[in-house]
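# Summary of structural features
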Amino acid sequence: MKKELDFKGKLLTHALLIAVSIMMIYPVVWWFGASFKTTQEIGLPTLFPSKWMWENYPDGWNALPKYTFTYFYINSIKVNVTATILHVVAASLVAFGFARLTFPLKNFWFSILLMTIMLPSQVTLIPQYSMFHSFNWVNTYLPLVVPAAMGGAFFIFLIVQFIRSIPRELDESAKIDGCSWFGIYWRIIMPLTKPALVSATIFSFIWGWDDYFSPLIYLNSVDKYTIPLALRMFIDTQSAVAWGQLLAMSLLSITPPVLIFFLAQKHFVEGIATTGLKG
Amino acid sequence: MNNQTAAANAPAAATSKPKSSLRHSLSRWNAPFAGYLFIAPWLIGFLVLQLWPIIQSFYLSFTEYSLLDPPRWIGTKNFESIAHDRLFFNSLKVTFTYVLTSVPLKLASALAAAMLLNRAVRGIAFYRTAMYLPSLIGGSLAVAVLWKNIFGIDGFINKLVILFGVMPKNWIGTPETALWTLVVLTCWQFGSAMIIFLAGLKSIPNELYEASSVDGASKPRQFFMITLPMLSPVILFNLIMGIINSFQMFTSAFIITNGGPINSTEVYALFLYKKAFGSLEMGYASALAWILLVIVGIATLFNFIASKYWVFYESETGAGK
């Protein structure tokens, strides 16, 4: 609905957009400035500090006993990248099966898939914990990574919707030429599904990066901590909270998702829109 | 349950080719062995990590289970205890308040922002990024930390409200206001819903607005007669997902207020977590989990049934539902 606006309309629109945008990003701008302030200054309403405490960053990075944040970043990356790769590979295989093949009870299973998107996580939480506990997987990364091998219902759905828009004639001609199902999946469908795969990768990485709950219940020793747990420890172990350092470390921890967003904005927006519109 | 899956599948099917003619040629795609092989990762995962746990959790809700010892059958005792648990009803009250205020507010903000962003002005990408940013940084612990700071007694929110003549207070430490800080946090992150609405708005054909303008329709009238009905499937989707997700909200409540002060922000997910991992009452927590499942199921079912009355589906043939 792009209408031609007259000058007054344009002015009003810009004014509103600016006002709302300021409201939305003000906390983040404040966050940035506060990360450079001394603890006393944080209580002040000023946006930016009078003296820029650049030390907040290296100090915060090294503040925790025994491990610097380098260690925790590596942990988070290890877990997240592995889980994301598993998610995307598995989801693409499953999506191909649902989108392109016919088999008995297919619609039934697909309905189940959709319903699991709406399943509250609490209801599988305790038995899963009990199961992983009995495998001796607690305090390892296995409970965080192995479930990703099932693909993730949301990602499967996202990719299925996308594959449906690829013309079947391509499959047909490949089949006539004697291509196997896996061949069609690998050589024909997957290259064309790249946008959806990128979207799934982005979502999986960002949601995994922020995940606090699973690491909270499964990881007990500090050497396994991911970034959210390290931040939490920061709050707990500092008797007088060094807010400047804490805010600095917190701000750094959200930069990977933000960076990814800026690099892949189009895929982001398309990914969300696809699930919302066609879902 | 079949209706909701049909409703979920119908728009999806409507966007691909009509199925009837494909069915005849689908025999070529009939591949039972390959089909199951491809979906095996999900199917195995579903059976082992979802279906079996759901059944087990139902069983556990009738037991006393501390993880260290085997579960001990106690019949309906858990449910009886829950019925007399003041904290349980408190968490229900807190959670329902949270869901019923944050979801409508968030969706309304998202829609308003999307409509604003749907105008043709320069620099629109910048504004869109600015409005999506809060949603992007997400339900992370880092944001919770930020929120805890700015709504505290020394936070900048207090500096702001003074300008409007409101008494500064520790918003997080005051029982009456603590939950609202969480609601505001949720609404601040309307970005994903906004993007979906924006995509929906762009798919409304311009001719509808042009034709109604010619007939002399005012802007509000166009909004209610064209925009809302055409967007209604998208609104339904956002509404259902919003409700389901907000019932499970945990990290913000845990980090910002930890359920306090005086349990005024102890949402259901937090209450359940404390029972399961705090006091190791896993049987009790399983009962709580199943109650949540029923509540969310009823809410979703209600939404699907009610949707027949206000959601307008425009299928390929143009016949409304």
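All values reported here derive from a predicted model rather than from experimental measurement.

## Observations regarding the UniProt feature "transmembrane region" (unreviewed entry) in chain A
Residue and element names in this part refer to chain A. Annotation from UniProt places "transmembrane region" (unreviewed entry) at residues 12-32, 71-96, 108-129, 141-163, 184-209 and 242-264. Its end C-alpha atoms 29 Å apart, residues 12-32 is made of 100% helix and 0% strand. The span residues 184-209 carries 96% helix and 0% strand; its end-to-end C-alpha distance comes to 33 Å.

## Structural notes on the interface of chain A and chain B
Across the contact, 105 residues belong to chain A and 105 residues belong to chain B. In total, about 9700 Å² of surface goes out of reach between chain A and chain B, with carbon and sulfur atoms giving 76% of it. Between chain A and chain B we count zero salt bridges in total. If you look at where chain A meets chain B, you find 10 residue pairs in polar contact (both at pLDDT 80 or more). Ranked by residue count, the leading element in the side of chain A that touches chain B is helix α1 (residues 7-34) of chain A, at 16 residues. Residue classes in the side of chain A that touches chain B are distributed as 71 nonpolar, 21 polar and 13 charged.

## Quick look at the environment of methionine 131 of chain A
All names here are of chain A. Assignment of secondary structure puts methionine 131 in helix α5 (residues 122-134). Exposure remark for methionine 131: the relative accessible area of 13% places this residue in the buried category. Separated by 12 residues in sequence, methionine 131 and proline 143 have C-alpha atoms that sit 9.8 Å apart.

## Section: the packing of aromatic side chains
All names here are of chain B. The final tally for this structure, using the stated rule, is 56 aromatic pairs over all chains. Aromatic pair phenylalanine 62 and phenylalanine 79: ring centres 5.5 Å apart, planes at 50°, arrangement tilted. Remark: phenylalanine 79 occurs in helix α4 (residues 77-83) and phenylalanine 62 occurs in the loop between α3 (32-60) and β1 (63-64); sequence separation between them is 17 residues. Looking at phenylalanine 62, the relative accessible area reads 17%, which means it is buried.

## Considerations on the domain arrangement of chain B
According to the domain assignment, chain B consists of domain 1 (18-50) and domain 2 (87-142 + 186-320). For domain 1 of chain B and domain 2 of chain B, the distance between their C-alpha centres works out to 32 Å.

Cut-off values and rules
Residues numbered from 1 in each chain as written. Chains lettered and ligands numbered in written order. Predicted model: local features only at pLDDT ≥ 70, side-chain atom pairs only at ≥ 80, totals over all residues. Heavy atoms only, no water. UniProt positions renumbered as here; feature names shortened; annotations may be inferred. Helix = DSSP H or I, 4+ residues; strand = E, 2+ residues; numbered from the N terminus. Contact = heavy atoms within 4.5 Å. Buried area = accessible area lost by both parts, 1.4 Å probe. Salt bridge = Lys/Arg side-chain N within 4 Å of Asp/Glu carboxyl O. Polar contact = N/O pair within 3.5 Å; in protein donor to acceptor, adjacent residues only side chain to side chain. Nonpolar A, V, L, I, M, F, W, Y, C, P; charged D, E, K, R; others polar. Buried < 20%, exposed > 50% of the residue type's maximum accessible area, 1.4 Å probe, protein only. Phe/Tyr/Trp six-rings, centres within 6.5 Å; stacked < 30°, edge-to-face > 60°. Domains from an automatic or database assignment.

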